[in-house]
Amino acid sequence: GESVGLHLPTLSVQEGDNSIINCAYSNSASDYFIWYKQESGKGPQFIIDIRSNMDKRQGQRVTVLLNKTVKHLSLQIAATQPGDSAVYFCAENLQGAQKLVFGQGTRLTINP
Amino acid sequence: DAGVIQSPRHEVTEMGQEVTLRCKPISGHDYLFWYRQTMMRGLELLIYFNNNVPIDDSGMPEDRFSAKMPNASFSTLKIQPSEPRDSAVYFCASSLYNNEQFFGPGTRLTVL
């Protein structure tokens, strides 16, 4: 089911390669950031988060990097698998507010 | 835990009709959020509650939209009267304190 825009940025990678998805956030006062994965017809699913007092955080096969100087966030997925195909959203939370602002999303497609 | 539960999963109605979307958050979570996702505007926060109290409804598009949370385990989003431009996927999410939000599967609303 369509749940995202027709003109999403798209990243195509070979199965087994590493994927890097980038996100520019808007507010320098944001202090919490999350990456979500959304598969077709489903709700966004939490992947990994990071707070502004860190610049790197690792999970299972995923790493999030935060560069506050240029307000940039990236998600690295190691050894990309077919099941990683989805739209990936970054979200920022303003300091003191329980309110996420989502980016437009990036569609990740895996080539066999 | 079953996760966030939303009903119905699909709703098709005619312009002018009242629509009620339902959400059961994860037990113990103290925040509940309603989002709308469209191709054109992406994922937008409509309103959120903390301990059943509406905190920020600045995302509610107009007076035709209303949301309630009568208790910690139930919330509704109502549109009256509905219009074709309300067609979208509506997500409910819940969280504990200022942590990651868990999304439900969404309700796909089509207004004819």
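See above for the structure.
Scope of this entry: the structure provided in the associated data block. Here the structure is a predicted model, which is why all the values come from computation and not from measurement. (Residues numbered from 1 in each chain as written. Chains lettered and ligands numbered in written order. Predicted model: local features only at pLDDT ≥ 70, side-chain atom pairs only at ≥ 80, totals over all residues. Heavy atoms only, no water.)

### Points about the side chain of Ser19(A)
All names here are of chain A. What counts is decided by this rule: Here a helix means four or more residues in a row that DSSP labels H or I, a strand means two or more in a row labelled E, and each is numbered from the N terminus. For every residue, the accessible area (1.4 Å probe, protein chains only) is compared with the maximum for its type, and the residue is labelled buried under 20%, exposed over 50%, or partly exposed between those bounds. Identification of polar contacts relies on pairs of N or O atoms within 3.5 Å, with a donor-acceptor requirement for protein atoms, meaning one able to donate a hydrogen and the other able to accept it, and with residues adjacent in sequence counted only if both atoms are side-chain atoms.
Within the secondary structure layout, Ser19 lies in strand β2 (residues 19–24). Taking the relative accessible area as the measure of exposure, Ser19 reaches 1% and is therefore buried. Among the polar contacts listed, one links the side chain of Ser19 to the side chain of Thr80, at a separation of 2.7 Å.

### Brief notes about the pairing of strand β6 (residues 53–56) of chain B
Every other side chain in a regular strand lies on the same face of the sheet, so the side chains alternate between the two faces. All names here are of chain B. Going by this rule: Strands are labelled as partners when DSSP assigns at least two bridges between them.
The pairing of strand β5 (residues 42–50) with β6 spans three bridges and is antiparallel. Considered in β6, the bridge of Phe49 is made with Pro54. Between β5 and β6, which pair antiparallel in sequence order, lie two residues; one of them, Asn51, sits at a positive phi of approximately 50°.

### Details of the state of the cysteines
Residues and elements named next belong to chain B. Going by this rule: In plain terms, two cysteine sulfur atoms within 2.5 Å form what is called a disulfide here.
Under the definition given, this model contains two disulfides over all chains. Each disulfide pairs two cysteine sulfurs, and for Cys23 the partner residue is Cys92, the sulfurs being separated by 1.9 Å. Its S-S torsion of approximately -65° makes the covalent link between Cys23 and Cys92 left-handed. Residue Cys23 is located in strand β3 (residues 19–24), and its partner Cys92 is located in strand β9 (residues 88–95); the two are separated by 69 residues in the primary sequence. Residue classification places Cys23 among the buried residues on the basis of a relative accessible area of 1%.

### Some points on the sheet that holds strand β8 (residues 74–79) of chain B
All names here are of chain B. Quick reminder of the rule: Structural elements are reduced to axes, namely lines fitted to C-alpha atoms, with helices fitted over the stretch in contact, and the angle between N-to-C directions of any two is expressed from 0 to 180 degrees.
Taken together, four strands build an open sheet; the order of strands is β1-β3-β8-β7 and the sheet is antiparallel. Edge positions in the sheet fall to β1 (5–7) and β7 (65–71), since each of these pairs with one other strand and no more. Adjacent strand axes in the sheet meet at a mean angle of 15°, parallel and antiparallel pairs treated alike. Relative to β8, β7 runs antiparallel, the two being bridged by five bridges. Bridge assignment links Phe65 to a residue of β8, and that residue is Ile79.

### Points about the interface of chain A and chain B
For clarity, the cut-off: Every residue pair with non-hydrogen atoms within 4.5 Å of one another is taken to be in contact. Two parts placed together each lose some accessible area under a 1.4 Å probe, and adding up what both lose gives the buried area. Definition used for salt bridges: Asp or Glu carboxyl oxygen within 4 Å of a side-chain nitrogen of Lys or Arg.
If you look at the interface, chain A gives 24 residues, while chain B gives 23 residues. Carbon and sulfur atoms supply 51% of the area that chain A and chain B bury against each other, a total of about 1,900 Å² over both sides. At the boundary of chain A with chain B, the tally comes to one salt bridge. Across the pair Asp56(B) and Lys99(A) runs a salt bridge, and its minimum N-O distance is 2.8 Å. Where chain A packs against chain B, one counts five residue pairs in polar contact (both at pLDDT 80 or more). Those elements that provide at least two residues to the side of chain A that touches chain B are β3 (30–38), β4 (45–51), β8 (86–94) and β9 (100–102) of chain A.

### Description of the sheet that holds β2(A)
Residue and element names in this part refer to chain A. With antiparallel pairing, the four strands of this open sheet are ordered in space as β2-β7-β6-β5. Both outer strands of the open sheet, β2 and β5 (56–58), are each paired with one neighbouring strand and no more. Across the sheet, the axes of successive neighbouring strands diverge by a mean angle of 15°, strand direction being ignored. Bridge analysis of strand β6 (residues 62–67) against strand β7 (residues 72–77) gives six bridges, and the strand direction is antiparallel. Note that in β7 the partner of Leu65 across the bridge is Ser74.

### So, the environment of Thr13(B)
Residues and elements named next belong to chain B. Mapped onto the elements of the fold, Thr13 is located in strand β2 (residues 10–13). Separated by 25 residues in sequence, Thr13 and Thr38 have C-alpha atoms that sit 17 Å apart. Setting aside chain neighbours within four positions, we find Thr13 in contact with Val19, Ser82, Leu109, Thr110, Val111 and Leu112.

These figures come from the coordinates and say nothing about function on their own.
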